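Observations on chain architecture
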Amino acid sequence: MARKQVVYDEGDEAARLYFVQAGQVKTSKSTAASKALITGLYQAGEFFGYKALLEGTVHSNSAVAVEESVLLYIPADDFTQLVLHNPQVSQQFVRLLAGWVREQEVLLLDMAYNSLRKRVADMLLRLHQKECELVALAPHIHISRDDMAALVATAPESLSRTLSEFRQAGIVELSSKFIQVLQPEKLRSAT
């Protein structure tokens, strides 16, 4: 799948469960002000598109390949049969949903009560952790500044100022293509 290729649009029928074999996919929801709120970033080894399948509804968000990606899918009917007849598969998707709900709660609390500096630090830590699971040595976060700004609910300019502060403090390394977390412990204590 090519970079920026649409996997599905908001309102499309949920016809498949998707699995990212390689690359990265983002999901986003359009707001009334025509802005895109990023609802998820999925990397190699992660499923997406299952909420609408489990709810029996259309997709409530859109999915787009962030970079060249390889996706596998299971048709909706096959997925339904797996969930209904295989308790281990059912339990795995219950865990995925519970994890998603927990993550959404954390994000909402972050937006409501934390400073921009803390929200950016927390998001960098989450993305760094995901990258560490994929690449143990020198993980790099590959995300556009606009997408990251949308994840922390701020303007790209405000995000850039905060990232520059972290760079000047030696906490992160910035390039036009990636962010590398150099001192995660300092991000944990950012306020």
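Nothing here was measured: the structure is a model prediction, and the numbers come from that model. (Residues numbered from 1 in each chain as written. Predicted model: local features only at pLDDT ≥ 70, side-chain atom pairs only at ≥ 80, totals over all residues. Heavy atoms only, no water.)

1. Some thoughts on the UniProt feature "domain: Cyclic nucleotide-binding" (unreviewed entry) in the protein chain
With numbering aligned to this structure, UniProt lists the feature "domain: Cyclic nucleotide-binding" (unreviewed entry) at residues 1-83. As annotated, residues 1-83 comprises 17% helix and 45% strand, and the C-alpha atoms at either end are separated by 27 Å. (UniProt positions renumbered as here; feature names shortened; annotations may be inferred. Helix = DSSP H or I, 4+ residues; strand = E, 2+ residues; numbered from the N terminus.)

2. Quick look at the packing of aromatic side chains
In the structure shown here, the tally under the stated rule is eight aromatic pairs. When the ring of tyrosine 50 is compared with that of phenylalanine 93, the centres are 5.7 Å apart and the planes differ by 65°; the resulting orientation is edge-to-face. With tyrosine 50 in helix α1 (residues 50-55) and phenylalanine 93 in helix α3 (residues 87-113), this residue pair connects regions lying 43 residues apart in the sequence. Overall, the relative accessible area of 6% leaves tyrosine 50 in the buried class. Over the aromatic face of tyrosine 73 sits the side chain of arginine 16, whose NZ or CZ is 4.4 Å from the ring centroid. (Phe/Tyr/Trp six-rings, centres within 6.5 Å; stacked < 30°, edge-to-face > 60°. Buried < 20%, exposed > 50% of the residue type's maximum accessible area, 1.4 Å probe, protein only. Lys NZ or Arg CZ within 6 Å of the ring centre and 35° of its normal.)

3. As for the packing of helix α2 (residues 76-85) against α3
Two numbers describe a pair of packed helices, the interaxial angle and the distance between the axes. Here α2 crosses α3 at 105°, and the two axes come no closer than 5 Å. Here α3 runs roughly perpendicular to α2, going by the angle between their axes. For the pair α2 and α3, the contacting residues are Phe79, Leu82, Val83 and His85 in the first and Pro87, Val89, Ser90 and Phe93 in the second. (Axes fitted to C-alpha atoms, helices over the stretch in contact; angles between N-to-C directions. Parallel < 35°, antiparallel > 145°, perpendicular 65-115°, else oblique. Contact = heavy atoms within 4.5 Å.)

4. Digging into the pattern of salt bridges
Scanning the model with the defined rule gives six salt bridges in all. For lysine 130, the salt bridge identified is with glutamate 46, shortest N-O distance 3.6 Å. On the criterion of sequence distance, the pair formed by lysine 130 in helix α4 (residues 116-134) and glutamate 46 in the loop between β4 (36-43) and β5 (47-48) is long-range, its members being 84 residues apart. Relative accessible area serves as the criterion here: at 24%, glutamate 46 is assigned to the partly exposed category. Put simply, aspartate 110 and arginine 126 hold a salt bridge, and the shortest N to O gap is 3.6 Å. Residue aspartate 110 is located in helix α3, and its partner arginine 126 is located in helix α4; the two are separated by 16 residues in the primary sequence. For aspartate 110, a relative accessible area of 9% gives the class buried. On the basis of relative accessible area, arginine 126 is assigned to the partly exposed category, the value being 26%. (Salt bridge = Lys/Arg side-chain N within 4 Å of Asp/Glu carboxyl O.)

5. Things to note about the pairing of strand β3 (residues 24-30)
In terms of residue burial, β3 counts as a mostly covered element, since five of its seven residues are buried. The turn linking β3 back onto β4 is made up of five residues, and serine 34 within it adopts a positive phi angle of 60°. Bridge count for β3 against strand β6 (residues 62-65) is four bridges, and the pairing is antiparallel. In the sheet register, lysine 26 faces β6, and the bridge partner there is valine 64. (Pairing = 2+ DSSP bridges.)

6. Remarks on the sheet that holds β5
Here we have three strands laid out as an open sheet, ordered β5-β2-β7, and antiparallel in their pairing. Whereas interior strands pair on both sides, the edge strands pair on one side only; in this sheet they are β5 and β7 (70-75). Summarising the sheet, strand β2 (residues 16-22) and β5 pair through two bridges and their orientation is antiparallel. From the neighbouring strand, phenylalanine 19 faces β5, where its bridge partner is phenylalanine 47.

7. Some points on the environment of glutamine 5
Locating glutamine 5 in the fold gives a position in the segment before β1 (6-8). A C-alpha to C-alpha distance of 5.4 Å links glutamine 5 and alanine 65, two positions 60 residues apart in sequence. When near neighbours in sequence (up to four residues on either side) are disregarded, glutamine 5 contacts Ala63, Val64 and Ala65.

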